[in-house]
Amino acid sequence: MQVYYALYVNRENQTVKKKPLFLITLGYFALGIINIHLALTALICMALPFILLYKSGKKQWCHGYCPRADFFSLIKAKGKGKKAPSWLISPKARNGILSYFCVNLMLITTSTWMVALGKIAPIEKIRLFIVFELPLVLPQLVELGDVPQAITHLAYRFYSVMISSTLLGLILTMFFKPKTWCVVCPVNTMSSRIQRVL
Ligand code: SF4
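Below or above, wherever it landed, is the structure these notes cover. This one's a predicted model, so the numbers in the text were calculated from it and none came from an experiment. Every chain is numbered on its own, with residues counted from 1 as its sequence reads. pLDDT decides what is reported in this predicted model: residues at 70 or higher carry local features, side-chain atom pairs at 80 or more are listed and counted, and totals for whole chains, interfaces and linings draw on all residues regardless. Water and hydrogen atoms play no part in the side-chain values, which are based on all heavy atoms of the structure.

## Observations regarding the site of the ligand
Link 1 in the chain: What surrounds the ligand is the set Trp61, Cys62, Cys66, Ala69, Trp181, Cys182, Cys185, Val187 and Asn188.
Link 2 in the chain: Using protein atoms alone on a 1 Å grid, points that fit a 1.4 Å probe yet trap it form a cavity, whereas open point sets bounded by protein on both sides within 12 Å along at least five of seven lines form a pocket; residues with an atom within 4 Å of a point count as lining. Being in a pocket or cavity means that more than half of the molecule's atoms lie within 2 Å of its grid points. The site holding the ligand turns out to be the largest pocket.
Link 3 in the chain: Going along the chain from the N terminus, every DSSP run of H or I of four or more residues is numbered as a helix, and every run of E of two or more is numbered as a strand. Among the elements of the structure, helix H4 (60-65), helix H8 (180-184) and helix H9 (186-197) are those that each provide at least two residues to the shell around the ligand.
Link 4 in the chain: Nonpolar residues are Ala, Val, Leu, Ile, Met, Phe, Trp, Tyr, Cys and Pro. Charged residues are Asp, Glu, Lys and Arg, and all others, Gly as well, are polar. Across the shell around the ligand, the residue classes break down as eight nonpolar, one polar and no charged. Nearness of a residue to a molecule or strand requires only that one of the residue's heavy atoms be within 4 Å of it.

Okay, structure coming up:
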């Protein structure tokens, strides 16, 4: 537990480059309104932390480039808020969230494949935490031509993942110290494991 708390404290004290990275987070959600297929840019955000980690052996993404962490820092100033309960930042919680994330990715891959094969209809809706469908139609300011249904399905699924994880992080930020989300963030958990074998 000490190790995880240390990680938590370190993140509190990290010096994030003073660039308005949070705009990337807000811009991402705006892109989904311009055209949902732009939500596939989430793949870049998912890959970059690991590319940087592989190149440097350090969590460079987390230490200076993560737009989401910058967004959460904006919501709550350093030092504000109470410490998260130990169960929430425990190894079990970290593993639980990582497992949820992996299951989510597996479902996205499988369902996209099934849509491509014409076995299921695409889900062109936002779903929070895999199952809760939001009762809203995302406005589309720019229409693209004929895009394969599987790509549209994939884009909605990535947009849903990004909204769900940002929402979860926001809730943690509002109730506890800023960057509590970072302790349980799947990118952090995976990066720590990869670092051990690099
Ligand atoms: S732990 Fe997650 S949210 Fe925090 S800085 Fe790293 S990638 Fe961003």
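## So, the environment of Arg127
Link 1 in the chain: Among the structural elements, Arg127 can be located in strand S1 (residues 127-128).
Link 2 in the chain: Expressed as a C-alpha distance, the spacing of Arg127 and Tyr159, which sit 32 residues apart in the sequence, is 8.8 Å.
Link 3 in the chain: Throughout, a contact is declared for two residues whenever any of their heavy atoms are within 4.5 Å. Aside from chain neighbours lying at most four places away, what touches Arg127 is Phe132, Glu133, Arg157, Ser160 and Ser164.
Link 4 in the chain: Within 3.5 Å is the distance limit for a polar contact, defined as a pair of N or O atoms, with the added protein rule that one can donate a hydrogen and the other accept it, and that residues adjacent in sequence qualify only through two side-chain atoms. For Arg127, the side chain forms a polar contact with the side chain of Glu133, separated by 3.3 Å.

## A few points about a nonpolar patch on the surface
Link 1 in the chain: Surface patches are defined over residues having more than 30% relative accessible area and no salt bridge, joining like charges when they lie within 9 Å and nonpolar side chains (Val, Leu, Ile, Met, Phe, Trp, Tyr) when within 5 Å. Every accessible area reported is derived by Shrake-Rupley at a probe size of 1.4 Å, with residue values counting cover from the shown protein chains alone. Whenever Lys or Arg places a side-chain nitrogen within 4 Å of a carboxyl oxygen from Asp or Glu, that contact is recorded as a salt bridge. On the surface, Ile33, Ile34, Leu38, Leu141, Val142 and Leu144 cluster together to form a nonpolar patch covering roughly 480 Å² of accessible area.
Link 2 in the chain: As for its position among the elements, Leu141 is in the loop between strand S2 (132-133) and helix H7 (149-175).
Link 3 in the chain: Only protein chains enter the accessibility calculation, which uses a 1.4 Å probe; a residue is then buried when its area is under 20% of its type maximum, exposed when over 50%, and partly exposed in between. Accessibility expressed as a relative area gives 63% for Leu141, which makes it exposed.

## As for the pattern of salt bridges
Pairs may arise between side chains of opposite charge once their charged atoms sit close together.
Link 1 in the chain: What the rule picks out here adds up to one salt bridge.
Link 2 in the chain: One salt bridge connects Arg127 with Glu133, and the closest N-O pair in it is separated by 3.3 Å.
Link 3 in the chain: Residue classification places Arg127 among the partly exposed positions, given a relative accessible area of 26%.
Link 4 in the chain: Classification of Glu133 as partly exposed rests on a relative accessible area of 40%.

## Concerning the layout of surface pockets
Link 1 in the chain: Grid points are joined across faces, edges and corners, and a volume is the space filled by probe spheres set on the points. In this model, the largest pocket occupies a volume close to 610 Å³.
Link 2 in the chain: Along the walls of the largest pocket sit 34 residues, with Arg68, Met162, Ser165, Cys185 and Val187 positioned nearest its centre.
Link 3 in the chain: At the level of secondary structure, the elements contributing two or more residues to the lining of the largest pocket comprise helix H2 (22-34), helix H3 (42-56), H4, helix H5 (67-75), helix H6 (91-116), H7, H8 and H9.
Link 4 in the chain: Per-element accounting of the lining of the largest pocket gives the leading share, six residues, to H7.
Link 5 in the chain: Tallied by class, the residues present in the lining of the largest pocket amount to 26 nonpolar, six polar and two charged.

## So, unusual backbone geometry
Generally, phi is negative for residues other than glycine and the peptide bonds are trans, each holding for most cases.
Link 1 in the chain: Phi angles above zero are rare outside glycine, and Phe129 is one such case at about 50°.
Link 2 in the chain: Its identity is not glycine, yet Ile130 carries a phi of approximately 75°, on the positive side.
Link 3 in the chain: Structurally, the position occupied by Ile130 is in the loop between S1 and S2.

## Comments concerning the packing of H6 against H9
Link 1 in the chain: With axes taken as lines fitted to C-alpha atoms, and helix axes fitted only over the stretch in contact, angles between N-to-C directions fall between 0 and 180 degrees. The geometry of H6 relative to H9 is characterised by a closest axis approach of 9 Å and an angle of 105° between their N-to-C directions. One way to sum up the angle between H6 and H9 is to call them roughly perpendicular. Counted together, Arg94, Asn95, Ile97, Leu98 and Phe101 of H6 and Pro186, Asn188, Thr189, Met190, Ser192 and Arg193 of H9 form the full contact between these two elements.
Link 2 in the chain: Per-class residue counts for the contact of H6 with H9 are five nonpolar, four polar and two charged. Just so you know how the angles are binned, under 35 degrees is roughly parallel, over 145 roughly antiparallel, 65 to 115 roughly perpendicular, and the rest oblique.

Taken by themselves, the reported measurements are silent on function.
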